[in-house]
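Per-entry structural report
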Amino acid sequence: ASSSASASSSSTSSERRRRLSLLLSTAPFACDLGGSFSKLAYFRPQDPPQLPHYVIKDKAPSTLPIKADSSLTIDSPSIGGTLKFMKIPTHRVEEFLEFALESKLHLGYGQKISRINATGGGSFKFSRAVSDKVGVELVQRDEMWSLVRGLDFLFRNSVEEAFVYDVDKKHTKKKKPAQTKQKQTTSSSSTEDAEAEEEEAEEDGSQDEDTDPHAHDECRRYLRLTEFTYPYILVSIGSGTSILRVDAPGHNKHNEKKQNKHKKQNSSTSDSVSVTDSDSVSTTSVSRSDSDSVSDSDSDSDSESTAAPSYHRVSGTLIGGGTYLGLAHMLTGLSDFEELKRLSRRGDNRAVDTLVSDIYGGDCASLGLPADVIASSFGKAGFVSLSPGQSWTDVYRPEDMAKSLMTMICVNIAQIAYMCAEQHKCTRVFFTGGFVHDNPAAWEFLSFGVKFWSGGTGEALFLKHDGYLGALGCLITPVDPFQRRTAAPGTTGP
C-alpha cells in the first residue's frame with residue numbers, strides 16, 4: 001500500500017510538472033507595466049528547442065538595462081526549467097519594443113506569440129504600441145489577482161522567499177554615531193558634513209550601506225516553506241494601501257455566507273472573468289461582488305495552473321507611497337524616491353519628532369511607554385517659525401525629515417495591518433508593493449510597528465521577489481491558447 005501511494009504521489013508530481021511546463025511553453029513571458037518600472041518574467045524550459053535571442057542578449061552589453069537579476073533566478077526540476085526576472089524603466093518601454101523586434105522576442109521558443117498576459121496601468125497605456133510594433137496583443141489581468149497568484153506560486157517553488165527583517169540585529173551593527181545636530185542657519189553645513197563622511201568612508205575602505213546591495217543581508221531571516229500557513233494578511237503599499245485576506249487554494253469558506261446572501265442579488269451585476277486551462281480544459285472563475293472577494297472555483301485537478309488562492313479586501317488606507325513622496329517633496333524639495341529612501345536610512349528623526357522623554361523627562365511608567373518612543377511625529381516642527389524666504393531645509397536636515405516621515409507612515413500602516421490580522425485570526429502579515437520593494441528603511445519601521453503593536457508576538461514578513469509578483473502571476477496564467485493562435489489583432493482577451 002505504501003509503495004502504491006508513493007507511486008501515485010510521484011505520478012501526480014510528474015503530471016503537475018508536465019502541465020506547468022506545457023502551460024508556460026505556450027506563452028513563455030509576461031509583464032507588469034508599472035508607473036516607474038516595467039517588470040518582465042520569462043521561462044526557459046530545460047533543453048529548449050530553440051534559444052530565443054532575448055535570452056542570450058539579456059547578458060550582453062546594451063544601452064537598455066535589460067540584464068536579468070541572477071539573484072532572483074528560480075532553477076528547479078519541479079517546474080521543468082528556469083524562471084528569470086528583469087526590469088526596465090517604464091519611460092523606456094518604446095526602446096524596449098525596438099529591442100524586442102531586433103531580438104525576436106515575439107517568436108518565443110520557435111513559435112509565433114500573438115498574445116501575452118500583462119498587468120499594471122501600462123498594460124492599457126502601451127497596448128496599442130505593442131500591437132503595432134511587434135504584433136503582440138496584451139491580455140490585461142487584474143493586478144491584485146496576479147499578485148496573489150504569483151505569491152502562491154513562489155511559496156511552493158522558491159526555497160527562500162519570505163523573510164523577517166531583524167530590527168535588533170540592524171541596531172547592533174557596527175556603525176558611526178548618527179549626526180543629530182539640528183541646523184541653525186543654512187543647509188550648506190549638512191552638505192559639507194555629508195561630503196566629509198563620504199571622504200572618511202573612502203579612506204577607511206568601508207562601503208556605504210545605502211549603496212551596498214548586501215549591507216542588509218545579515219538582518220534578513222528567511223522562513224522555511226514548512227512554516228507557512230494560510231490564511232494570511234497581504235498589505236500592498238503603492239500610492240495608497242490595500243489590505244487583503246488570502247485563503248488557501250480551493251478554500252473559500254471565509255465570507256461564504258455573505259457571498260451566498262448576495263449571490264442572487266448580484267447575479268446580474270457581478271463582473272466575471274473566465275480563464276481556460278490549456279491542458280485540462282477546466283475553468284477557473286474570478287468573480288467580484290459587493291464582498292470584494294475574488295476566488296478561483298474548485299477544480300478536480302490539482303495542477304498549479306488551476307488552483308489559486310481566494311482573497312478579498314478587508315481594509316486599506318489613503319496613506320501610502322504617494323503620501324510619502326508628496327509630503328517629502330513639500331518638505332525637502334526632493335522628488336526622487338530612490339534618493340529619499342537613501343536619506344531616510346541615514347537620518348535621525350529625534351531632531352524632528354517629539355518623544356515620550358520630551359514630555360515626561362523619561363519613561364512614562366503609567367502607560368508603559370519607554371522614553372525613546374515617538375509621542376508625536378514632527379511634533380517639534382510645530383514650535384518653529386519660518387522667516388520670510390526660509391524653507392524647512394534651512395531648519396532641519398532633509399535626511400531627518402525623510403526618516404521622520406518614513407517612520408510615521410510605516411508605523412501607522414503596520415498598526416492597521418496588525419489590527420486586521422487580529423480581527424481575521426491570521427498569524428502571518430506580508431508587506432509588498434512599490435513602496436516596500438528594496439526599501440530597508442520601510443522594512444525596519446514596518447517590522448518595528450508590528451512588533452510594537454503586537455506586544456512583541458507579531459512579525460512583519462517581506463518577499464525576495466517583491467516587485468515581480470504581478471509579472472509572475474501573469475506568466476503562470478493560461479493565455480487561452482485556442483483563441484491566441486487565431487485571434488485578430490485588437491480583440492479582447494479573457
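Use the structure listed above.
To start, this report covers the structure provided alongside it. (Residues numbered from 1 in each chain as written. Predicted model: local features only at pLDDT ≥ 70, side-chain atom pairs only at ≥ 80, totals over all residues. Heavy atoms only, no water.)

Turning next to the overall build of the protein chain. The number of helices and strands found in the protein chain is 16 helices and 18 strands. Looking at the protein chain as a whole, 48% of its 494 residues are labelled buried. Long-range pairs, those at least 24 residues apart, make up 73% of the contacts in the protein chain with a sequence separation of at least 6. As displayed, the protein chain has an accessible area near 24,000 Å², and 51% of this comes from carbon and sulfur atoms. (Helix = DSSP H or I, 4+ residues; strand = E, 2+ residues; numbered from the N terminus. Buried < 20%, exposed > 50% of the residue type's maximum accessible area, 1.4 Å probe, protein only. Contact = heavy atoms within 4.5 Å. Areas by Shrake-Rupley, 256 points an atom, 1.4 Å probe, with all protein chains shown as cover.)

This part is about the pattern of salt bridges. What the rule picks out here adds up to eleven salt bridges. Its salt-bridge partner being Asp348, residue Arg350 comes within 2.7 Å of it at the nearest N-O pair. Via salt bridges that share partners, Arg397, Glu399 and Asp400 belong to a single interconnected network. (Salt bridge = Lys/Arg side-chain N within 4 Å of Asp/Glu carboxyl O.)

What follows deals with a nonpolar patch on the surface. Residues Ile359, Tyr360 and Leu367 make up a contiguous nonpolar surface patch of roughly 350 Å² in combined accessible area. Along the chain, Leu367 turns up in the loop between α12 (356-360) and β16 (374-376). (Patch = residues over 30% accessible without salt bridge, like charges linked within 9 Å, V, L, I, M, F, W, Y side chains within 5 Å.)

Okay, unusual backbone geometry next. Look at Phe378: it is not a glycine, yet its phi comes out positive at around 60°. Here Phe378 is to be found in the loop between β16 and α13 (398-423). Positive phi, close to 50°, is recorded for Asp438, a residue that is not glycine. With a relative accessible area of 43%, Asp438 lands in the partly exposed category.

Turning next to the nonpolar core. Membership of the largest hydrophobic core comes to 42 residues, with the highest contact counts inside it found for Val235, Tyr324, Phe431, Phe435, Leu446 and Phe462. Of all the elements in the fold, those that place two or more residues in this core are β7 (162-165), β9 (232-237), α10 (321-332), α11 (337-346), α13, β17 (429-432), α14 (440-453) and β18 (460-463). Here this core takes eleven residues from α13, the largest share from any one element. Excluding residues within four positions of it along the chain, Leu446 makes contact with Ile237, Cys410, Ile413, Ala414, Phe431, Val436, Ala460 and Phe462. Phe43, Trp145, Phe155 and Val246 belong to the second-largest nonpolar core, a separate cluster that totals 32 residues. (Core = buried A, V, L, I, M, F, W, Y, C linked by side-chain atoms within 4.5 Å.)

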